[in-house]
Amino acid sequence: MKDKQLKSYLTFRLKGELFAIGVDKVLEIIETSEDHSVTNLPKAPDAVEGVVNFRGNVIPVINMRQKFDLANYEEQERFVIMVLNLTLSDEDQIIGAMSDKVVDVIEIAETEIQPVPEVGKGYNSDYVSGVVYRHEEFVMVLDVEAAIDTDEIIQLKQEEEVVETEEDKASEAE
Amino acid sequence: MIDKFKAKFVEESNDNVHDLEEALLLLEKDTSNSEIIERIFRAMHTLKGGGAMFGFNQLSEFTHHLETVFDLIRNNKLSVTEDIISLTFESIDHIKHMLEVGDVEDEEELANQATFIQRVQRMSNSESTASMPAPAKVKVPEIKDDGSKTFLIKIKPNEEILKNGTNPFYLLDDLHAMGDAKVIAFHESVPALSNFNPVNSYCHWQVLLNTSESINDIKDVFIFVEDECEISIDEISSGNLLASDSIISAMDEAAKLQKLLTKEELVSKSSANKGGAEKKDAKKKVQLKEHKISSIRVNSTKIDELVNLVSELVTIQAQLNLFAENDGNPAVLALAENIQKLSRQLRDNAFSISLIPLQSELMRFQRLVRDLSKELDKDIEFVIEGGDIELDKNIIEHLTDPLLHIIRNAVDHGIEMPDERIKSGKSPKGTILFKAYYSGASVMVELMDDGKGIDPEFIRNKAISKGLIDANTELSRKEIFELVFLSGFSTKEEVTDVSGRGVGMDVVKKKIGEIRGEVSLDSEIGKGTTLTLELPMTLSIIDGLLVKVNKNQYVIPIANIEKIFALDTVSFGKTFNHVVNIDEEQYPFIDLRETFDTELGNKGTEQLILVKYEDRKVGLLVDQVIGEYQTVVKPLGRFLKKQENISGASIMGDGTIALVIDTNRLIHNNAIKKYRTKN
C-alpha cells in the first residue's frame, strides 16, 4: 500500500480460500435463508445453481464452488449471493455469484498483485488473475468476467438469438 | 446531430415507402383511381424532397424521375399499365436499397442506377408521346393566353425556419423553375445589428409567378414548410402579367416602399391593362388548416420499457396485497384494493399500446405473393380477413419468418399452374386466404390455399423412407399431418429458390412454439391445404395455476389445463409404464418430481393435472396445487436460454420465484425420450 493507485476489492470465502473481486462490480449482497433462497432450475448447467429475484428481475445464480472445482455445499450449509454487474460479450449482465461469506473490503495496489503460483492449489486457478498476500494469507484476485463468460455464454452464442436483457433495466431502476 | 435527423428521415421514409407499396397494390386493382395516384405522387414527392434535404441526393434524383412518370399519370397524360406498376415496384425496392446505403460512389452501383433511371425515363417519354395524340385528354392550349396563369404568392417563414435546415431561397428557386417569376423581398423586420440573431430568418417575400402549372403544383413546392411558413397563393389572372409594364413598375414601386402588394391592386391593374377582360373570381386562397394529431410515433423500446415497468408494478402490487391481508388493517386493505384496481387498468392500457394490427405486417406478404406468383407464372390472389386483429408486437415480430415460410410454400408447392388448375376444374386464379380471429384468449390465424393439397399417404411413405416412423406404425390422419413438423422432414426434393432454403416446417413449429403458440396442418387432395396457428394475445402476462413440486413452486398456464384430480399415492403404486386409470380412462402421465430431478420426498396425497397436448390429454403429477394466479412472465435471460421445459419465471408476492412450465415442450421432450428408450 504505497503511493500507487489503489483499488477496492471485496473479499469472500469459498471453502476456506479467500478470493477478491473489484467492488465496482458488486451491486448488492443478498443473504439467503430457509424461506428466501435460490430457486433451482431443473436441468440447468452444473455451475448454474438457479435463479433469484433481484429488484423485480430474475437473475441467474452461479455456484462459484462448482466453477473452481471445490466441494459443493452440504444440504444445510448457508451461503450469500453477491449480485454482480458484469460486462459479458459486450453487454451488461447482472448475475448472482454464490459465496460462503463475504469478509471485508480491502485496498490493493496494482503493483502488489503477483502471478499465480503454479503448485499447491486446491482449486481451479484458470480464472484467477493474480494473488496478494494479506494478513498472513493469500488472497486470490478473481477475473470474474472470465469465470462466468465461458461455456454458458458460448452455448448461447450458438443459439443466435437476441434476448432482451432485463438486467439493464434493473441497473437503471436503481 | 445530422445523423440523428438522417436516421429520422430514413425511418419516416420507410413509412413512406410502405405507404407507397400499399397504394401501388391498390392501384394495380383500380388503375384509374385518381385518389390513389395522388397518394403515390405525394409519397414520392416527399421522398424526393426529404432525400435532397438529408443528403440522399441519388435517392432524390431517382425519385424525381419516378415522380415525373406519376405526374404524367395524374395529369391524364399517361395511363397506368402493368409495366409501369411492375417497374414502380422494382423502383420501390431500389429506393429501399438507397435508403439503406445512402449515396454511393461505387461505379458498378452508379451504372446500375443510371440504367434504372433510363428505364424509368423511357417510361415517361415514350409513353407520354404515345398517348399524347389522344385528343380528349390533352388540354388544347388557348391561343389567346397560352393557358398559363399568374399567381401572387406570399411567403412568410417563421423566424426559426433556418433551424430546420430549410433554405427559403430554394423555395424561390423552385418557383422560378416553374415559369416566369418576379420576387420582391421584404426586409423591414430585420432588426438592428445589436439584436440581430444570425440563425433567424427575418425576411419575407412576394412572388408574382407566371406558370402553366396548376395551383396544386405550386402548393407542392411548399409541402415541407407548410407548418413553418405563412403562405398564401392567389390566382390573379390568366395570361402572363409579367409581360405588362404597369405591373412590373407597380412591383418595383412596392419593393422600394416595402409595401405588400395586394391581390386587388394587381387585379385592377391587370384588368385595366387587359381592358377588363376576364375578372372572374378565381379566389383560391390556400388556408393551411390546423390539424389535430390523432396518433404519435413512439420508439418501440419506450413501449417495451413501459410494459416492463407495469409488469413490475403488478408484481409489487401483489406483494402489497399480501402485506395488507396479513396486516389486517382495514385502511391499508382499502388502499391496496384501490391500487389493485388502478394497476389493473394501467396494465390493460399498457398492453393495448403494445398491440398492433396484423395488417401492418401483412402488406409485405401481399407483395411477396404478387412477386412470387409473377416469377412462377402463377395467378394467385392473397386475401386477408381479420387484418385488424391486434397482437403483441413481439408476437408479430416472431410471426414474420414462419408466415413467410408458410406463404412461400403455398405459392410454390400449394397452388398449381393455371393450366393445371383449369384441367382439374378450378378457376385458373388461385387464392391464398389469410384469416385471423379471436378464440378465447388466443388469436387463431389460418392460412388456406386452394391448391392441390397434400396426400397423407405420401407424407407417411416419406416419413418411413426418412426413418422417422416405423413402416408398421398405425397413425391417424391428424398424426400423419403432424409428421410434417418433425425435423428432417421436407416434402420437396429439390431446393428451389422460392421455398426451399434448407428450413422445413419444423422450424416453423419451433418459432411458433417460442411465442407459446401452436401450429397444425390439414389438407385435402385437390382442395387445398390449411395451416392453423394458435397464438397467445400477449406474451408477458398469463393466467396460471400455481403448483408445488417438492420445494419449488411452478406455474402451469391455465389455458392448457383440462382437469385436476386429487389422488393418493397408493393408486399410483399399481401404475405401469406411466399410465394412470381415472374414470375408466387411461392417461399417460409425467411425474414432475422425477423430471425435475428433485428427490421424491413427499409421500401423501398428490395431485394430477390433466393438460392438453395436441389432441391428447397428459397428466402432470405434482405434490400440491396451490391455486390460481395471474402472473407476469419474466424471461430467464440469455444465460438460461437453454432451459427447454421452462418458458420463464414469475416473481411471487413474497419475493420468491416460481418457474413457468412450458407444458407442450415438457411433454414433447419427455415423449421423445420415452420413444428413444423404447427403441
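Predicted model only: the values in this text are computed from it and were never measured. (Residues numbered from 1 in each chain as written. Chains lettered and ligands numbered in written order. Predicted model: local features only at pLDDT ≥ 70, side-chain atom pairs only at ≥ 80, totals over all residues. Heavy atoms only, no water.)

**Concerning the overall build of chain A**
A tally of regular secondary structure across chain A gives four helices and 11 strands. Among the 174 residues that make up chain A, the fraction classed as buried is 50%. Here the analysis covers contacts within chain A between residues at least 6 apart in sequence; of these, 59% occur between residues at least 24 apart. Taken as a whole, chain A presents about 8700 Å² of accessible surface, with 45% of it coming from carbon and sulfur. (Helix = DSSP H or I, 4+ residues; strand = E, 2+ residues; numbered from the N terminus. Buried < 20%, exposed > 50% of the residue type's maximum accessible area, 1.4 Å probe, protein only. Contact = heavy atoms within 4.5 Å. Areas by Shrake-Rupley, 256 points an atom, 1.4 Å probe, with all protein chains shown as cover.)

**A closer look at the overall build of chain B**
For chain B, the helix and strand inventory stands at 20 helices and 21 strands. A burial count over chain B gives 45% of its 679 residues as buried. Long-range contacts, defined here as pairs at least 24 residues apart, represent 70% of the contacts in chain B between residues at least 6 apart. Entry remark: accessible area of chain B is about 35600 Å², with carbon and sulfur atoms responsible for 51%.

**What to know about the pairing of strand E8 (residues 430–439) of chain B**
Look at any regular strand and the pattern is simple: side chains alternate between the two faces of the sheet. Of the pairings in the sheet, the one linking strand E6 (residues 380–385) of chain B to E8 of chain B comprises six bridges and is parallel in character. Looking at the pairing, Glu381 of chain B lines up with Thr431 of chain B of E8 of chain B. (Pairing = 2+ DSSP bridges.)

**Some details on the nonpolar core**
Residues Ile21, Phe68 and Leu142 of chain A together with Leu592, Ile609 and Leu659 of chain B are the most contacted members of the largest nonpolar core, which totals 68 residues. The element contributing the most residues to this core is strand E7 (residues 80–88) of chain A, with six residues. If sequence neighbours within four positions are ignored, Leu659 of chain B has contacts with Thr39, Asn40, Leu41, Pro42 and Val51 of chain A together with Gln553, Tyr554, Val555, Leu636, Ile646, Gly648 and Ala649 of chain B. If you look at the next biggest cluster of nonpolar residues, it comprises 43 residues, including Ile406, Val411, Ala463 and Leu533 of chain B. (Core = buried A, V, L, I, M, F, W, Y, C linked by side-chain atoms within 4.5 Å.)

**Observations concerning the environment of Met64 of chain A**
Residues and elements named next belong to chain A. Within the secondary structure, Met64 sits in helix H1 (residues 64–67). The class for Met64 is buried, based on a relative accessible area of 1%. In this structure, the C-alpha to C-alpha distance between Met64 and Met98, residues 34 residues apart in sequence, is 5.7 Å. Excluding anything up to four places from it in sequence, Met64 contacts Leu14, Ala97, Met98, Leu142 and Ile148.

**What to know about a nonpolar patch on the surface**
The grouping of Val190, Leu193 and Phe196 of chain B at the surface amounts to a nonpolar patch, some 290 Å² of accessible area in total. Residue placement: Val190 of chain B occurs in the loop between strand E2 (179–186) and strand E3 (204–211). (Patch = residues over 30% accessible without salt bridge, like charges linked within 9 Å, V, L, I, M, F, W, Y side chains within 5 Å. Salt bridge = Lys/Arg side-chain N within 4 Å of Asp/Glu carboxyl O.)

**Some words on the confidence of the model for chain B**
The predicted coordinates ought not to be read in detail in places where the model reports low pLDDT. All names here are of chain B. The predicted model of chain B averages 76 in pLDDT, with 84% of residues at 70 or higher. When the criterion is pLDDT under 50, residues 127–144 qualifies, and its contacts beyond four places in sequence or with other chains add up to 13 contacts. Under a pLDDT of 50 for its full length, residues 675–679 has, in the predicted model, one contact with residues more than four places off or in other chains. Two numbers describe this predicted complex: its pTM, 0.49, and its ipTM, 0.72. (pLDDT = per-residue confidence, 0-100.)

**Some words on the pattern of salt bridges**
Any two side chains of opposite charge can pair if their charged atoms end up close together. Counted by the stated rule, this structure contains 31 salt bridges over all chains. We note a salt bridge from Glu112 of chain A to Arg134 of chain A, for which the minimum N-O separation is 2.5 Å. Within this pair, whereas Glu112 of chain A is found in the loop between strand E9 (101–109) and strand E10 (128–134), its partner Arg134 of chain A is found in strand E10, the two being separated by 22 residues in sequence. Between Lys96 of chain B and Glu21 of chain B there is a salt bridge; the shortest N-O distance is 3.2 Å. With a gap of 75 residues between them, Lys96 of chain B in helix H4 (residues 82–101) and Glu21 of chain B in helix H1 (residues 2–29) connect regions that are remote in the sequence.

**Description of the sheet that holds strand E1 (residues 149–157) of chain B**
Residue and element names in this part refer to chain B. Across the sheet, which stays open at both edges, the four strands sit in the order E2-E3-E1-E4 with antiparallel pairing between neighbours. Single-partner strands in this sheet number two, and they are E2 and strand E4 (229–238). For this sheet the average axis-to-axis angle between neighbouring strands, irrespective of direction, equals 15 degrees. With eight bridges joining them, E2 and E3 adopt antiparallel strand pairing. From the neighbouring strand, Gly179 faces E3, where its bridge partner is Thr211. Seen against the sheet, helix H8 (residues 245–257) touches E2 and E3 and runs at an angle of roughly 25 degrees to E2. (Axes fitted to C-alpha atoms, helices over the stretch in contact; angles between N-to-C directions.)

**Focus on the environment of Glu524 of chain B**
Residues and elements named next belong to chain B. Along the chain, Glu524 turns up in strand E10 (residues 518–524). Measuring from C-alpha to C-alpha, the distance between Glu524 and Gly451 comes to 9.3 Å, with 73 residues separating the pair along the chain. Leave out the neighbours within four places in its chain, and Glu524 touches Lys452 and Gly453.

**A few points about helix H10 (residues 300–327) of chain B**
All names here are of chain B. Compared with the 40 Å implied by 1.5 Å per residue over 28 residues, the 40 Å span of H10 between its first and last C-alpha is a close match. Listed as buried for H10 are Ile303, Asp304, Val307, Asn308, Val310, Ser311, Glu312, Val314, Thr315, Gln317, Asn321 and Ala324. Phi turns positive one or two residues past the end of H10, at Gly328, with a value near 80 degrees. (Expected span 1.5 Å × (residues − 1).)

**Overview of the sheet that holds strand E8 (residues 91–99) of chain A**
Residue and element names in this part refer to chain A. Ordered in space as E3-E7-E8-E6-E5-E4, the six strands form an open sheet in which the pairing is mixed. A single partner strand is all that each edge strand has here, and the edge strands are strand E3 (26–31) and strand E4 (39–40). Pairing of E3 with E7 involves five bridges; the strand directions are antiparallel. Considered in E7, the bridge of Glu28 is made with Val83.

**Quick look at the packing of aromatic side chains**
Residue and element names in this part refer to chain B. With the rule as written, the count across this model stands at five aromatic pairs over all chains. Between Phe62 and Phe116, the ring centres sit 5.3 Å apart and the planes meet at 80 degrees, which makes this aromatic pair edge-to-face. Taken together, the residues span a long stretch of sequence, with Phe62 in helix H3 (residues 57–74) and Phe116 in helix H5 (residues 107–131) at a distance of 54 residues. On the accessibility criterion, Phe116 (12% relative accessible area) is buried. Seen in terms of ring centroids, Phe382 and Phe434 are 6.4 Å apart; in terms of plane orientation they differ by 55 degrees. Their pairing is tilted. Here Phe382 is found in strand E6, whereas its partner Phe434 is found in strand E8, with 52 residues between them in sequence. In this structure, Phe382 and Phe434 share a single accessibility class: buried. Its end group placed over the ring of Phe41, Arg74 keeps NZ or CZ at 3.8 Å from the ring centre. (Phe/Tyr/Trp six-rings, centres within 6.5 Å; stacked < 30°, edge-to-face > 60°. Lys NZ or Arg CZ within 6 Å of the ring centre and 35° of its normal.)

**A few points about the packing of H4 of chain B against helix H12 (residues 359–375) of chain B**
Residue and element names in this part refer to chain B. Remark: H4 packs on H12, axes separated minimally by 13 Å, with the N-to-C direction vectors making an angle of 120 degrees. If you check the angle between H4 and H12, you find them oblique. Read as a crossing pair, H4 and H12 show a hand that is left-handed. Residues Glu82, Ile85, Ser86, Phe89, Asp93 and Lys96 of H4 lie in contact with H12, whose contacting residues are Arg367, Arg370 and Lys374. Residue classes in the contact of H4 with H12 are distributed as two nonpolar, one polar and six charged. (Parallel < 35°, antiparallel > 145°, perpendicular 65-115°, else oblique. Left-handed = near helix turned anticlockwise from the far one by under 90°. Nonpolar A, V, L, I, M, F, W, Y, C, P; charged D, E, K, R; others polar.)

**Quick look at the side chain of Lys48 of chain B**
Residue and element names in this part refer to chain B. Relative to the helices and strands, Lys48 is located in helix H2 (residues 34–53). Residue Lys48 is classed as buried on the basis of its relative accessible area, which comes to 19%. When sequence neighbours within four positions are dropped, the list of residues in contact with Lys48 reads Ser60, Thr63, His64 and Glu67.

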